Amino acid sequence: DTRGIPDRSAARVIPQRQRAGKDFVKAPHPGPLGSLLDGFSIEDEPAPYAGGIGNDGADALKKFVSDGGTLVALNRAADAIIDLFDLPVTNVIKDAKSDRFFCSGALLQIHLNEGGAATLGMPSDPIVMFERGPAFAPKDNFKGEVIARYAPGINPLRSGVLMHPEAIMGKAAALRVDYGKGHIYLYGFQPQWRAQSHGSYKFLFNALYTSPDNGAH
């Protein structure tokens with residue numbers, strides 16, 4: 001890409017992790033767990049892009065993180081990763097109907113918990129692209145860091161359409177979850193949205209550059 005970071009399919013990278021010695025995997029946003037495991041059929045997509053990571057890939061991904069790797073889940077991919085890893089995190093707007101919450105694409109303001117590696121070089125209240133993503137509530141046994149929240153009692157909308165903002169007020173927009181020796185970053189928005197959201201790139205790049213060996217896949 002334009003930042004000089006190579007990109008390969010997780011279906012190929014995960015089984016090769018032990019040989020390649022890499023320590024960073026990105027899940028862009030496949031949606032529910034079934035789409036991550038099974039993907040699209042060969043009737044719907046060209047062969048190189050059909051299929052998912054499967055059960056073997058899921059086991060390899062868990063081992064990858066547990067052994068010290070870094071996994072970053074963007075937007076709706078967070079739902080799949082929460083379910084796959086059984087993380088102590090709830091998506092408070094999962095499957096919400098429009099009478100409870102609706103935001104199909106808007107710019108929202110979040111507030112950072114400054115001092116962590118994921119927010120290095122960022123302003124305290126950046127604006128991010130939200131598109132049908134999750135919002136998080138850590139459970140009692142959560143271990144990790146709340147990276148960013150939507151401010152309590154304040155509508156985060158800065159541009160676009162957002163219905164029932166109270167559903168996400170005070171909720172976490174981004175988390176780092178400890179898993180074994182590794183970490184899982186859950187971003188409830190798209191920091192790389194269409195390569196246009198330059199103001200939020202650092203959420204992704206900081207996670208990448210602070211992974212154990214700066215390996216990027």
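Here's what I pulled together on the structure shown here. (Residues numbered from 1 in each chain as written. Predicted model: local features only at pLDDT ≥ 70, side-chain atom pairs only at ≥ 80, totals over all residues. Heavy atoms only, no water.)

A look at the overall build of the protein
Here is step 1 of the chain: Looking only at helices and strands, one finds five helices and eleven strands in the protein.
Here is step 2 of the chain: Out of the 217 residues in the protein, the part that is buried amounts to 45%.
Here is step 3 of the chain: For the protein, the share of sequence-separated contacts (at least 6 apart) that also reach a separation of at least 24 residues comes to 71%.
Here is step 4 of the chain: With an accessible surface of roughly 10600 Å², the protein has 50% of that area assigned to carbon and sulfur atoms. (Helix = DSSP H or I, 4+ residues; strand = E, 2+ residues; numbered from the N terminus. Buried < 20%, exposed > 50% of the residue type's maximum accessible area, 1.4 Å probe, protein only. Contact = heavy atoms within 4.5 Å. Areas by Shrake-Rupley, 256 points an atom, 1.4 Å probe, with all protein chains shown as cover.)

Considering the nonpolar core
Here is step 1 of the chain: Ranked by internal contacts, the top residues of the largest apolar core, which has 30 residues, are Phe101, Ile110, Tyr150, Tyr187, Phe189 and Phe203.
Here is step 2 of the chain: Within the residue set of this core, elements represented by two or more residues are strand E2 (70-74), strand E4 (106-109), strand E6 (127-130), strand E8 (144-149), strand E10 (172-179), strand E11 (182-187) and helix H5 (201-209).
Here is step 3 of the chain: If you tally residues by element for this core, the top one is H5, at five residues.
Here is step 4 of the chain: With near-sequence residues (within four places) excluded, isoleucine 110 lies in contact with Ser124, Asp125, Pro126, Val128, Ala148, Arg149, Tyr150, Ala173, Phe189 and Phe203.
Here is step 5 of the chain: Listed in part, the 26 residues of the second largest apolar core include Leu36, Ile53, Phe142 and Leu175. (Core = buried A, V, L, I, M, F, W, Y, C linked by side-chain atoms within 4.5 Å.)

Some thoughts on the pairing of E4
Here is step 1 of the chain: Note that E4 and E6 share four bridges and pair antiparallel. Paired with alanine 106 across the strands is phenylalanine 130, a residue of E6.
Here is step 2 of the chain: As defined by bridge partners, E4 adjoins strand E9 (residues 157-160) across three bridges and the pair is classed as antiparallel. By the bridge assignment, leucine 107 is partnered in E9 with serine 159. (Pairing = 2+ DSSP bridges.)

Some details on the pattern of salt bridges
Here is step 1 of the chain: Applying the stated criterion across every chain yields a total of four salt bridges.
Here is step 2 of the chain: In this structure, the salt-bridge partner of aspartate 67 is lysine 63, at a minimum N-O distance of 2.6 Å.
Here is step 3 of the chain: Assessed through its relative accessible area of 45%, lysine 63 is described here as partly exposed.
Here is step 4 of the chain: A salt bridge links arginine 176 to aspartate 178; its shortest N-O distance comes to 3.2 Å. (Salt bridge = Lys/Arg side-chain N within 4 Å of Asp/Glu carboxyl O.)

Here's the deal with the packing of aromatic side chains
Here is step 1 of the chain: A complete count under the given rule lists seven aromatic pairs for this structure.
Here is step 2 of the chain: With centroids separated by 5.9 Å and ring planes inclined at 80°, the aromatic side chains of phenylalanine 101 and phenylalanine 130 adopt a geometry described as edge-to-face. Of this pair, phenylalanine 101 sits in the loop between strand E3 (89-91) and E4 while phenylalanine 130 sits in strand E6, and the two are 29 residues apart along the sequence. We note that phenylalanine 101, like phenylalanine 130, is buried.
Here is step 3 of the chain: Here the aromatic rings of phenylalanine 189 and phenylalanine 203 are separated by 5.2 Å at their centres, their planes lie at 65°, and the arrangement is edge-to-face. Taken together, the residues span a long stretch of sequence, with phenylalanine 189 in the loop between E11 and H5 and phenylalanine 203 in helix H5 at a distance of 14 residues. (Phe/Tyr/Trp six-rings, centres within 6.5 Å; stacked < 30°, edge-to-face > 60°.)

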